[in-house]
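Here is what each chain is made of, one letter per residue.
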Amino acid sequence: MMEDFLRRGLAQTTLHPLNLKVSSACGVYIHLEDGTKMLDFISGIGVSSFGHSNPAILEALHQQVDRHLHVMVYGEVQQGSQDLAASRLLGLLPSSLDSVYFVNSGAEAIDGALKLARKVTGRHTFIAMEGGYHGNTFGALSVSSNQSRRAPFEPLLAGVEFIPFNHQDALDSIDGTQAAVIAETVQGDAGIRIPDIAWIKRREKRCNETGTLLILDEIQCGIGRTGKPFAFEHFDVTPDILCLGKALGGGMPLGAFVSSTSRMRSLAHEPDLGHITTFGGHPVACASSAAALRLLDDIDWNELELRGAQLENQLKKNSAVKAVRRLGYFIAVDMESPEAVHFCVEYARKNGLLIFYFLSTLDSFRIAPPLTISDTELAEGMAILNRAFDAWSLQSASHP
Ligand SMILES: Cc1ncc(COP(=O)(O)O)c(C=O)c1O
């Protein structure tokens, strides 16, 4: 499998690529060159939240491509698509988050947020969460906790302390020496860990008391994934800096860090151009984003929650499933072992359904369908999953 990529001149870092040959994608389906199709229950890992080839997004893209592509490095010229994406995004956010810096990816948004926190506070250290995943640039990796993924690339950024997620006493570590606390609002790669509201509120209070900025990473759990436009809305907190990516671009590469205008100003002096990105806020990505953000208005959140709860109940009915954690369409399914997970991911793939692993949580798999998925499509996926669970139960019973 790996050789197949390398032979074609493509660097490859996964030893087990899905290696499907894609010809097109539409709605919840990815169509393959061999004429078959896959039901996408993971949205390209939380990206295609409005379905593949969403007509409104395609229309905005076509219009922008006809107008112009890249014209100048970020921030130098006025571009209508950036203005539209910014006004739609900021229109959805609390008034304290009134300034957005568009970048190219989730990890760049994290790096930008960490830099901003240092610049604003004049402090250097950070508190991050055990189980946290923030991406693979040096900055983002430095605040991600998976030791086996960090070790070969150390030394990383100095002064990062990891505390347990959702643990009251650990919050005492926020003592006024740190620039920021960084956390996913709902942890994704840790297997969809949903924190208690009391813990989140106390963390926010500690940050406020100590002048420590709160950076929330909603790169995966934002833009509707958890059943509200932003996951922090479930917990009645507001971050000082919000990081976005993945679904933000409507299928195009786009990240963002969002904060207050006054904080963002600190990146414009000593040095000026405190963050530079050539392609950040690319006009085509911003046009796509503006269309995607508009589509959030069309989502019936009550219906999404109803469907999510139904899916959760159906999953829990199968004895091969040990536990399900879910917020909206952000779902982890625990099984008895990594082997069980591997069996089901493979079985599903061979039978036309895409589900996928977590990087760090090996006895769970993820489900994150497009927010636009219909009842029939959910039922189609669930039927394949039930067959996968049953096949695993049969196999493990015959080879205990
Ligand atoms: C929570 C979270 N933060 C950051 C990132 C990094 O985003 P990117 O891969 O676009 O750099 C990811 C990617 O999966 C993520 O899930």
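Residues numbered from 1 in each chain as written. Predicted model: local features only at pLDDT ≥ 70, side-chain atom pairs only at ≥ 80, totals over all residues. Heavy atoms only, no water.

(A) View of the packing of helix 3 (residues 55–67) against helix 10 (residues 283–295). In contact at an axis separation of 8 Å, helix 3 and helix 10 are set at 150° when each is read in the N-to-C sense. With respect to helix 10, the axis of helix 3 lies roughly antiparallel. Viewed along their axes, helix 3 and helix 10 form a crossing whose handedness is right-handed. Residues A56, I57, A60, L61, Q64 and V65 of helix 3 lie in contact with helix 10, whose contacting residues are P283, V284, A287, S288, A291, A292 and L295. Its residues assigned to classes, the contact of helix 3 with helix 10 comprises 11 nonpolar, 2 polar and no charged. (Axes fitted to C-alpha atoms, helices over the stretch in contact; angles between N-to-C directions. Helix = DSSP H or I, 4+ residues; strand = E, 2+ residues; numbered from the N terminus. Parallel < 35°, antiparallel > 145°, perpendicular 65-115°, else oblique. Left-handed = near helix turned anticlockwise from the far one by under 90°. Contact = heavy atoms within 4.5 Å. Nonpolar A, V, L, I, M, F, W, Y, C, P; charged D, E, K, R; others polar.)

(B) Region of the structure containing the sheet that holds strand 2 (residues 29–32). The strand order across the open sheet built from 4 strands is 1-2-3-13, with neighbouring strands paired in mixed fashion. Both edges of this open sheet fall to strand 1 (22–26) and strand 13 (353–354), since each of them pairs with a single strand only. Pairing of strand 2 with strand 3 (residues 37–40) involves 3 bridges; the strand directions are antiparallel. Residue I30 lies in a different strand from strand 3, and its bridge partner there is M38. (Pairing = 2+ DSSP bridges.)

(C) Looking closely at the site of the ligand. Taken together, the neighbourhood of the ligand is formed by S105, G106, A107, Y133, H134, G135, E184, D217, I219, Q220 and K246. Contact distances for the ligand include 2.8 Å between an oxygen atom and a backbone N or O atom of A107. Between Q220 and the ligand, the recorded distance is 2.8 Å, taken from a side-chain N or O atom to an oxygen atom. Its free accessible area being 380 Å², the ligand has 80% of it covered by the protein chains. Of the residues that constitute the shell around the ligand, the class distribution is 3 nonpolar, 5 polar and 3 charged. (Near = heavy atom within 4 Å. Polar contact = N/O pair within 3.5 Å; in protein donor to acceptor, adjacent residues only side chain to side chain. Areas by Shrake-Rupley, 256 points an atom, 1.4 Å probe, with all protein chains shown as cover.)

(D) Broad picture of the packing of aromatic side chains. Summed over the entire model, instances satisfying the criterion amount to 8 aromatic pairs. Between F343 and W392 the ring centres are 5.4 Å apart and the planes differ by 55°, which places this aromatic pair in the tilted class. Taken together, the residues F343 in helix 12 (residues 338–350) and W392 in helix 13 (residues 375–398) connect sequence positions 49 residues apart. These aromatic residues form a ring-pair network of at least three members: Y74, Y101 and F257. Across from the ring centre of Y29, 4.0 Å away, lies the NZ or CZ of K37, which sits over that ring. (Phe/Tyr/Trp six-rings, centres within 6.5 Å; stacked < 30°, edge-to-face > 60°. Lys NZ or Arg CZ within 6 Å of the ring centre and 35° of its normal.)

(E) Expanded view of the sheet that holds strand 9 (residues 241–244). Read across the sheet, 7 strands follow the order 4-10-9-8-7-5-6 without closing on themselves; strand pairing throughout is mixed. One side of each edge strand has no neighbouring strand; the edge strands of this open sheet are strand 4 (99–103) and strand 6 (160–163). With direction set aside, neighbouring strand axes in the sheet form an average angle of 20°. Here helix 8 (residues 197–210) sits on the sheet in contact with strand 5 (125–129), strand 7 (178–184) and strand 8 (213–217), set at roughly 140° to strand 8.

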